Amino acid sequence: MIATSMSLLQHVCSVPIARAMRPRSVTVISSRNLSATTSSSSTPSRASQVDPHVLLGMSEPELQQVAIDLGQQSYRGKQLHHLIYQRKVKEIQDFSQLPLVFRNDLQEAGWKVGRSPIFQTVTAADGTVKLLIRLEDNRLIETVGIPVEDEKGSMRLTACISSQVGCPLRCSFCATGKGGFSRNLQRHEIVEQVLAIEEIFKHRVTNVVFMGMGEPMLNLKSVLEAHRCLNKDVQIGQRMITISTVGVPNTIKKLASHKLQSTLALSLHAPNQKLRETIVPSAKSYPLEAIMKDCKEYFLETSRRVSFEYTLLAEVNDRVEHAKELAELLHQWGRGHHVNLIPFNPIQGSDYKRPYKKAVCTLVINTLFFPCWQ
């Protein structure tokens, strides 16, 4: 069945109504300002070539081979792995556990760790931290750390990470799309975002969501390489990783073929094709019926539920008829999914508005109780 967070529903609906609901369909989450800031230098490029001289992103066997190629014993590669992923050392000259000769050889061969400086840090009242990271080509990418403390006092730390500098899909409500597109991120530029969040919070990241700048499916090779590294080297469980997409033809099937145990999140935002095309221009090339079919196949292939993200835009997609359409669409889809309703967070230059709490609550109720009025 579909998961529901009652505590979050109570922030939107009145307490008696929230208590009357049974956990079966929708989570309402607060939207966070993930506006994109990028450098405007140089010509945009879709290329994402792995820098052959970057250590970050490499597996332990690969690092062992680097050591062997430079005349060292293979155990030096294990030390490299520990220094990069456990101690998170940023510069080769600071690898104090390694012989000076080995460090010099690494640098002379052109190797570097691949960590970038943090350009700016912004902390919100709820503890959320937004980082701007300056890449080697002076472009900026954004990553967000979201801490949530449970009733027992333990903290879940989610890293919301970017896969591209900017985004080419230009969804009408998205700040990133308004900033244009520069290039894909390399695998180490994706992984380093998680390490930067851990550095700021001095706490392990427990969850990773590919929901920052960019469309992950348009940079799938680097995303999959980063996913492997985050799972095997940074040691974040696959089930703790979510890959989000607005929908790119043929890529959901390709992702499913890797049989990852990670969640697929589809940015749905509308219950029908016509409305979705006005909100997500790229939807014209990927009909809703086709994308829902591919999501279903992802679930059948991986046994991992699909999360449907639905940004609520006042008087655009938040009416009762939209709720009923959404409920019917998901009812036809079947089991194995989850819905996140996200009230729009206004951004500069956008005509969209945040819906009233009453409208959100109405949509939740109509989605939850679909079988009652069917």
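- Per an unreviewed UniProt entry, the protein chain goes by the name Radical SAM core domain-containing protein and belongs to Salix viminalis.
- UniProt, in the comment section headed Subcellular location (unreviewed entry), describes the protein chain in these words: "Cytoplasm".
- Under the UniProt heading Cofactor (unreviewed entry), the note attached to the protein chain is "[4Fe-4S] cluster".

Notes on the overall build of the protein chain
Point 1. Regarding its fold elements, the protein chain presents 14 helices and twelve strands.
Point 2. With 374 residues in all, the protein chain has 54% of them scored as buried.
Point 3. Contacts in the protein chain between residues at least 24 apart in sequence constitute 66% of all its contacts with a sequence separation of at least 6.
Point 4. Within the structure as shown, the protein chain displays about 17200 Å² of accessible surface, and the carbon and sulfur contribution to it stands at 51%.

Examining the pattern of salt bridges
Point 1. Per the counting criterion, the structure on display carries 13 salt bridges.
Point 2. R115 is the partner of E199 in a salt bridge, and the nearest nitrogen-oxygen pair spans 3.2 Å. Taken together, the positions of E199 in helix α7 (residues 187-201) and R115 in the loop between α5 (100-108) and β2 (118-123) put the pair 84 residues apart, joining distant regions of the chain.
Point 3. A relative accessible area of 33% places E199 in the partly exposed class.
Point 4. Note on R115: relative accessible area 14%, which makes it buried.
Point 5. Residues joined by salt bridges that share partners form a network here, namely D137, R139, R183 and E189.

Looking at helix α4 (residues 75-86)
Point 1. Between its terminal C-alpha atoms α4 stretches 16 Å, which fits the 16 Å expected from twelve residues at 1.5 Å a residue.
Point 2. When we look at burial in α4, the residues that qualify are R76, G77, L80, H81, L83, I84 and Y85.
Point 3. Looking at the packing, one finds that the buried side of α4 touches α3 (60-69), α5, α7 and α8 (220-232).
Point 4. Directly after α4, the chain includes K88, whose backbone phi takes a positive value near 55°.

Here we look at the nonpolar core
Point 1. Within the largest apolar cluster, 78 residues are counted, with the highest numbers of intra-cluster contacts made by F95 and M292.
Point 2. Considering every element that reaches this core, the biggest residue donor is α7, with seven residues.
Point 3. In this structure, F95 is in contact with L55, L80, L83, I84, V89, R103 and V113, ignoring residues within four places of it in sequence.
Point 4. Grouped together as the second largest cluster of nonpolar side chains are 15 residues, L275, A283, L313 and F344 included.

Points about the side chain of S162
Point 1. In this fold, S162 is placed in the loop between β5 (155-160) and β6 (164-166).
Point 2. Taking relative accessible area as the criterion, S162 reaches 0% and is therefore assigned buried.
Point 3. In terms of polar contacts, S162 uses its side chain to reach the backbone carbonyl oxygen of E142, at 2.5 Å.
Point 4. Aside from chain neighbours lying at most four places away, what touches S162 is E142, L185, I190, Q193, G212 and M213.

Rules used in this analysis
Residues numbered from 1 in each chain as written. Predicted model: local features only at pLDDT ≥ 70, side-chain atom pairs only at ≥ 80, totals over all residues. Heavy atoms only, no water. UniProt positions renumbered as here; feature names shortened; annotations may be inferred. Helix = DSSP H or I, 4+ residues; strand = E, 2+ residues; numbered from the N terminus. Buried < 20%, exposed > 50% of the residue type's maximum accessible area, 1.4 Å probe, protein only. Contact = heavy atoms within 4.5 Å. Areas by Shrake-Rupley, 256 points an atom, 1.4 Å probe, with all protein chains shown as cover. Salt bridge = Lys/Arg side-chain N within 4 Å of Asp/Glu carboxyl O. Expected span 1.5 Å × (residues − 1). Core = buried A, V, L, I, M, F, W, Y, C linked by side-chain atoms within 4.5 Å. Polar contact = N/O pair within 3.5 Å; in protein donor to acceptor, adjacent residues only side chain to side chain.

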